[in-house]
Amino acid sequence: MSTLLVIAKAPVPGRVKTRLTTQFTAQQAADLARAALEDTLAAVLATPADRRVLVLDGEPGAWVPPGIEVVAQGAGGLDVRLASAFSLAEGPALLIGMDTPQVTPGLLAQGLDFTEADAWFGPADDGGFWALGLAGPDPALLLGVPMSAAHTGAVQRRRLTGAGLTVRDLPGLCDVDTPADARRVAATAPGTRFAALHAGLCAVTR
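Here the structure is a predicted model, which is why all the values come from computation and not from measurement.

## Quick notes on the sheet that holds strand β3 (residues 69–72)
Taken in spatial order, the seven strands make up an open sheet running β3-β2-β1-β4-β6-β5-β7, and their pairing is mixed. Both outer strands of the open sheet, β3 and β7 (167–169), are each paired with one neighbouring strand and no more. Direction aside, the axes of adjacent strands within the sheet are offset by 20 degrees on average. Here strand β5 (residues 119–123) runs beside β7; their pairing, made up of three bridges, is parallel. Within β7, the position partnered with Ala 119 by the bridge is Val 167. Against the sheet, helix α4 (residues 152–162) makes contact with β5, β6 (129–134) and β7, and its axis sits at roughly 10 degrees relative to β6, the strand it touches most.

So this is what it looks like as structure tokens:
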């Protein structure tokens, strides 16, 4: 049973995308987070998978579309919460976050194809990773990996290869963390909800 996992925070002002508030208000930053999450979930729904699970910190809202199962995030550091997310899967799984609204169903389907791979790794431009796929989910592969650091991705990938897994790489993507990231992602994915909202907000703030 293949599972697509999305780990995310509910788009509540002051709790999400706080680094965007150097250009946008807390409400606008939350609206951008919601748009990014909606784009991500739309791509997930368009990807063949047996289960589609949103592992959520916070309360779900109208932005959760039908076909998405919602499970509360566990407690602990990010490595523990990611490990807990993988424990929900009963077979091959791909985990992504809410920071890459430019993601496509094609990329997600690639990350769920374990024909010639034990694991898929999607590097992020900030040194982390935007996707992690495991043919046989093992939460221990994430525990103890230092998160939110410039070397997070390198450590996580070494953890996979050190376990003897055949690792394939997905294309690198830019996470939306800063206003510069938001501009870059909006420009590369002009057809998304995120890009449309970003353009509107920038027009207002000029």
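The structure having been displayed, the exposition proceeds.
## Observations concerning the layout of surface pockets
As a volume, the largest pocket reaches approximately 1,000 Å³. Breaking the lining of the largest pocket down by element, the ones donating at least two residues are β1 (3–9), α2 (78–86), β4 (93–96), β6 and α5 (179–188).

## What to know about the nonpolar core
The tendency in soluble globular proteins is for nonpolar side chains to be buried as a group. Ranked by size, the top nonpolar core spans 31 residues in total, and within it Leu 37, Leu 54, Ile 96, Leu 108 and Trp 130 carry the most contacts. Listed by contribution, the elements that provide at least two residues to this core are β1, α1 (26–45), β2 (51–57), β4, α3 (105–111) and β6. If one sorts the elements of this core by residue count, α1 sits on top with six residues. The next biggest cluster of nonpolar side chains, apart from the first, holds 23 residues, and it includes Leu 5, Val 55, Phe 86 and Leu 142.

## Structural notes on the environment of Gln 156
The topology assignment puts Gln 156 in helix α4. C-alpha separation for the pair Gln 156 and Val 55, spaced 101 residues apart in sequence, amounts to 20 Å. Aside from chain neighbours lying at most four places away, what touches Gln 156 is Phe 121, Phe 129, Leu 132, Leu 141, Leu 142, Val 145 and Met 147.

## Re the packing of aromatic side chains
Per the counting criterion, the structure on display carries one aromatic pair. Measuring from centroid to centroid gives 5.7 Å for Phe 121 and Phe 129, while their planes differ by 45 degrees, and the two rings are tilted. Both residues of the pair, Phe 121 and Phe 129, count as buried.

## Focus: the pairing of β4
Here β4 shows no split at all, with Ala 93 and Leu 95 on one side and Leu 94 and Ile 96 on the other all buried. Here β4 runs beside β6; their pairing, made up of four bridges, is antiparallel. Residue pairing for β6: Ala 93 is matched across the bridge by Leu 134.

Scoring rules and cut-offs
- Residues numbered from 1 in each chain as written.
- Predicted model: local features only at pLDDT ≥ 70, side-chain atom pairs only at ≥ 80, totals over all residues.
- Heavy atoms only, no water.
- Pairing = 2+ DSSP bridges.
- Helix = DSSP H or I, 4+ residues; strand = E, 2+ residues; numbered from the N terminus.
- Axes fitted to C-alpha atoms, helices over the stretch in contact; angles between N-to-C directions.
- Contact = heavy atoms within 4.5 Å.
- 1 Å grid on protein atoms, 1.4 Å probe; cavity = no way out; pocket = protein on both sides within 12 Å on 5 of 7 lines; lining within 4 Å.
- Points joined across faces, edges and corners; volume = space filled by probe spheres on them.
- Core = buried A, V, L, I, M, F, W, Y, C linked by side-chain atoms within 4.5 Å.
- Buried < 20%, exposed > 50% of the residue type's maximum accessible area, 1.4 Å probe, protein only.
- Phe/Tyr/Trp six-rings, centres within 6.5 Å; stacked < 30°, edge-to-face > 60°.

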